[in-house]
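# Observations on chain architecture
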Amino acid sequence: MTSYVVVLIALCCCVTPARSDGSDHKYKAGDQVTMYANKVGPFHNPSETYRFFDLPFCAPAHVTEKKEALGEVLNGDRLVSAPYKLDFMYDKDSEIVCKKKLSKEEVSQFRSAVAKDYYFQMYYDDLPIWGFLGKVDKEGKTDPSKYKYYLFKHLHFEIFYNNDRVVEINARTDPNALVDITEDKEVDVDFVYSVKWKESTTPFEKRMEKYSQSSSLPHHLEIHWFSIINSCVTVLLLTGFLATILMRVLKNDFVKYAHDEEAADDQEETGWKYIHGDVFRYPKYKSLLAAALGSGTQLFTMTIFIFILALVGVFYPYNRGALFTALVVIYALTSGIAGYTASAFYCQLEGTNWVRNLILTGALFCGPLFLTFCFLNSVAISYTATAALPFGTIVVIFLIWALVTSPLLVLGGIAGKNSKSEFQAPCRTTKYPREIPPSPWYRGTMPQMAMAGFLPFSAIYIELYYIFASVWGHRIYTIYSILFIVFIILLIVTAFITVALTYFQLAAEDHEWWWRAFLCGGSTGLFIYGYCLYYYYARSDMTGFMQTSFFFGYMACICYGFFLMLGSVGFRAALFFVRHIYRSIKCE
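Here the residue index of a chain counts from 1 through its sequence in written order. A pLDDT threshold of at least 70 governs which residues receive local features in this predicted model, and a stricter bar of 80 or more applies before side-chain atom pairs are shown or counted, although totals over entire chains, interfaces and linings include all residues. Side-chain metrics in this entry use all non-hydrogen atoms of the structure; hydrogen atoms and water are not considered.

Helix and strand assignments follow DSSP, with helices taken as H or I runs no shorter than four residues and strands as E runs no shorter than two, numbered in order from the N terminus. Scanning the protein from terminus to terminus reveals 15 helices and 12 strands. Scored against the burial criterion, the 588 residues of the protein give a buried share of 49%. Note on contacts: a residue pair qualifies if any of its non-hydrogen atoms lie within 4.5 Å across the two residues. Of the contacts formed within the protein by residues at least 6 apart in sequence, a portion of 80% connects residues at least 24 apart. Only the protein chains shown count as cover for residues, and the accessible areas themselves come from Shrake-Rupley with a 1.4 Å probe. Total accessible area on the protein is roughly 28600 Å²; 61% of this is exposed by carbon and sulfur atoms. For every residue, the accessible area obtained with a 1.4 Å probe (protein chains only) is divided by the maximum for its type, and the residue is called buried under 20%, exposed over 50%, and partly exposed between those limits.

Here, disulfide denotes a covalent bond that connects the sulfur atoms of two cysteines. Disulfides are defined as cysteine sulfur pairs within 2.5 Å. Considering all chains together, one arrives at 1 disulfide under this definition. Shown here is the disulfide that connects Cys 58 with Cys 98, its sulfur atoms set 1.6 Å apart. Residues Cys 58 and Cys 98 are joined by a disulfide whose S-S torsion is about -55°; by sign, that bridge is left-handed. Of this pair, Cys 58 sits in the loop between strand S2 (50-51) and helix H2 (70-74) while Cys 98 sits in strand S4 (residues 92-102), and the two are 40 residues apart along the sequence.

Right, let's get into a nonpolar patch on the surface. Side chains of Phe 391, Val 395, Phe 398, Leu 399 and Trp 401 sit close together on the surface and give an oily, nonpolar patch of about 530 Å² of accessible area. Looking at the element boundaries, Trp 401 is found in helix H10 (residues 391-417). Put simply, a patch holds well-exposed residues, over 30% relative accessible area, that have no salt bridge, with like charges counted together within 9 Å and Val, Leu, Ile, Met, Phe, Trp or Tyr side chains within 5 Å. By definition, a salt bridge exists where a carboxyl oxygen of Asp or Glu is found within 4 Å of a side-chain nitrogen of Lys or Arg.

Now for the environment of Ile 482. Considering the arrangement of structural elements, one finds Ile 482 in helix H12 (residues 480-507). C-alpha of Ile 482 to C-alpha of Trp 225: the two residues are 257 residues apart in sequence and 7.9 Å apart in space.

On to helix H13 (residues 514-522), then. Most of H13 sits out of view: 7 of its 9 residues are buried. Looking only at H13, the buried set comprises Trp 514, Arg 516, Ala 517, Phe 518, Cys 520, Gly 521 and Gly 522. Tucked inside the fold, the buried residues of H13 contact helix H6 (286-311), helix H8 (335-348), helix H11 (445-471), H12, helix H14 (524-539) and helix H15 (545-583).

Below, the discussion takes up unusual backbone geometry. Phi angles above zero are rare outside glycine, and Asp 125 is one such case at about 55°. Looking at the secondary structure, you find Asp 125 in the loop between strand S5 (118-124) and strand S6 (127-132). A positive phi angle is found at Thr 384, which is not glycine, with a value near 50°. With respect to the secondary-structure elements, Thr 384 resides in the loop between helix H9 (354-382) and H10. Exposure remark for Thr 384: the relative accessible area of 54% places this residue in the exposed category.

On to the confidence of the model for the protein, then. The predictor's confidence in any single residue is recorded as pLDDT, a number from 0 to 100. In this model, the protein carries an average pLDDT of 87, and 89% of its residues clear a pLDDT of 70 or more. Across residues 1-23, confidence stays below pLDDT 50; counting only partners more than four residues off in sequence or on other chains, it has 35 contacts. Contacts from residues 264-268, a stretch scored under 50 in pLDDT, to residues over four places away or in other chains number 1 contact.

As a further point, take the sheet that holds strand S12 (residues 187-199). With respect to topology, 4 strands assemble into an open sheet ordered S4-S12-S9-S10, the strand pairing being mixed. Because the sheet does not close on itself, it has two edges, and the strands there are S4 and strand S10 (165-173). Direction aside, the axes of adjacent strands within the sheet are offset by 20° on average. The strands touched by helix H3 (residues 104-115) within the sheet are S4 and S12, with S4 carrying the most contacts at an inclination of about 120°. In this analysis, strands are considered paired if DSSP registers two or more bridges between them. For helices, the fitted line uses only the C-alpha atoms of the stretch in contact; every axis is such a line through C-alpha atoms, and the angle between N-to-C directions lies from 0 to 180 degrees.

A word on the sheet that holds strand S8 (residues 148-152). Strand order in the open sheet formed by 3 strands is S7-S8-S11, and the pairing between neighbours is antiparallel. Looking at strand neighbours, the two that pair on one side only are strand S7 (134-137) and strand S11 (178-180), the edges of this open sheet. Within this sheet the neighbouring strands show an average axis-to-axis angle of 30°, counted without direction. Bridge analysis of S8 against S11 gives 3 bridges, and the strand direction is antiparallel. Across the sheet, residue Tyr 150 finds its bridge partner in S11, namely Asp 180.

Given two aromatic rings, their pairing is described by the distance between the two centres and the angle made by the two planes. Working definition: a ring pair exists when centres of Phe, Tyr or Trp rings (six-membered ring for Trp) sit within 6.5 Å. Plane angles under 30 degrees give stacked, over 60 give edge-to-face, the rest tilted. Considering all chains together, one arrives at 54 aromatic pairs under this definition. Plain terms: the ring middles of Phe 423 and Trp 514 are 5.5 Å apart, the flat faces sit at 35° to each other, and that makes the pair tilted. A residue pair is termed long-range when its members are at least 10 positions apart, and Phe 423 in the loop between H10 and H11 and Trp 514 in helix H13 qualify at 91 residues. The class of Phe 423 is buried, set by a relative accessible area of 11%. Taking relative accessible area as the criterion, Trp 514 reaches 1% and is therefore assigned buried. The criterion for a charge sitting over a ring is simple: Lys NZ or Arg CZ within 6 Å of the ring centre, and within 35 degrees of the ring normal. The side chain of Arg 579 reaches across the aromatic face of Phe 423, ending 4.7 Å from its centre.

A word on the pattern of salt bridges. Summed over all chains, the structure comprises 15 salt bridges. Note that Lys 101 and Glu 186 form a salt bridge whose closest N and O atoms lie 3.8 Å from each other. Of this pair, Lys 101 sits in strand S4 while Glu 186 sits in the loop between S11 and S12, placing them 85 residues apart in sequence. By relative accessible area, Lys 101 is classed as exposed at 51%. The partner of Lys 198 in a salt bridge is Glu 158, with the nearest N and O atoms 2.5 Å apart. Residue Lys 198 is located in strand S12, and its partner Glu 158 is located in strand S9 (residues 154-162); the two are separated by 40 residues in the primary sequence. In this structure Glu 158 comes out as buried when scored by relative accessible area, which is 15%. Residues joined in a network through salt bridges with shared partners are Lys 101, Glu 186 and Asp 188.

A few words on the nonpolar core. Side-chain atoms within 4.5 Å are what join buried Ala, Val, Leu, Ile, Met, Phe, Trp, Tyr and Cys residues into a set we call a nonpolar core. Formed by 90 residues in total, the largest nonpolar core has its most connected members in Trp 513, Phe 551, Phe 571 and Tyr 582. Counting residues per element, this core draws most heavily on H15, which supplies 17 residues. Formed by 54 residues, the second largest nonpolar core is a distinct cluster that contains Val 33, Phe 88, Val 187 and Trp 197.

Relative to S12, S4 runs antiparallel, the two sharing 8 bridges. Opposite Cys 98, over in S12, you have Phe 191 as the bridge partner.

This is the structure we're talking about:
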């Protein structure tokens, strides 16, 4: 028990790293404020980042690494002390960092970085700084072999302070201080920097607001609200159509069935009432369905908790690693929900091997995620990229899985097994199943999934671009309230379209609705993965094997998670609907 407490306390400390408005950021004139160099990498490949000193920059005499939380390591941050000395309120003019003679190999290394549009990222008093390493002169040249490559050697820092605190920092390069690195020959370089301090009236508590302003610009907000309106119209049309059609059809069905019962007992039944003795017949692969339902319910719960944290302001811009840490911790703590849901539902369906069902539940999402991680981490190691997790971090994640996730999953499974709840079926199931009549091709599983996934996807696709641009680009997403509204709309549309398709399936006297409802509900995840293909090739400039494998690998896991989550939502809605309509008629 002690190990649980220690792990959870450590994790909770990681979830909420010290905010940038803490009291430990007060300085006096001349105080040393450490600057940390983080990483470098191609601007268009967000996953492909490397340690700052993998390039032959001027390194300080003693490079010290900053201790980082779990989420920061997962985010690829590797902060080390930078060679720049930016003392509080102390201006500098053309201070030499170092004089360096670049070898042919180092010149080639820098030229390759400049050609790939490398940027660098640093942190000063928890404020991020970006800049590019150099530039390519293409003016008037069509032949790439005649391009000129230049390295920036002078970096100018402009720092704003309010009384005893740093509130803003900008870095820019001197366009006139260039080093020609076009040819593979030794070059003497004097790396220089200058510092200018300026007073500001910006309150320290609001110094991070400028990083979220880009996503809150009026024209961006208009697009977001257009997305909301588009989604709401979709929901209103869909719900209005379904409510009108289903209520009228069901009312006619109820009247017809009531009349038939009064008129003649031997009259042949048709439609969905005809299969009342088969509609609650337990599905094939019920252990897999219960595991999928448990995993989807866990992911749904985790998503709700993430939204709560986002709405209360935990994920403010450049709270490094907070989202990744929250995902790991909340997923671990909600594994009991997966165990309970899967085991309880499996036992309701008269399943006997609940231990195997519990193992399947634990592996259904984590298994593919683990295999994907192993492959992508191997790719990152081969590239020596910061996306490669250190062995210590992998051990920590394994301990979280072994000491928190697995025990909670087992405890939840035991509680679900002992819940003694029975499956609520309004109709008695017959001994032998009826034969399902042949149906046209468009009533098949795949066409129904395509129809079910398209409408929910159409309600969210506008917002998807901004999410992708944030996760796989350099935009900052902060409008979580709008995202939450879109998420609620997504759930409503998924539930309604699944209910409608379930009714049409039952009306066609097809009683095998269980898996169809889950697959139709989750089919939006397949559409999102289809959007991944479009985004990668049409909306982004990502290139290279590493970036491609990371993008499609991790997006496959995310879309699979959406499939499980929305499949659970669709199945629950369909189950509620089926129980409701069969409870409303008299079944012998």
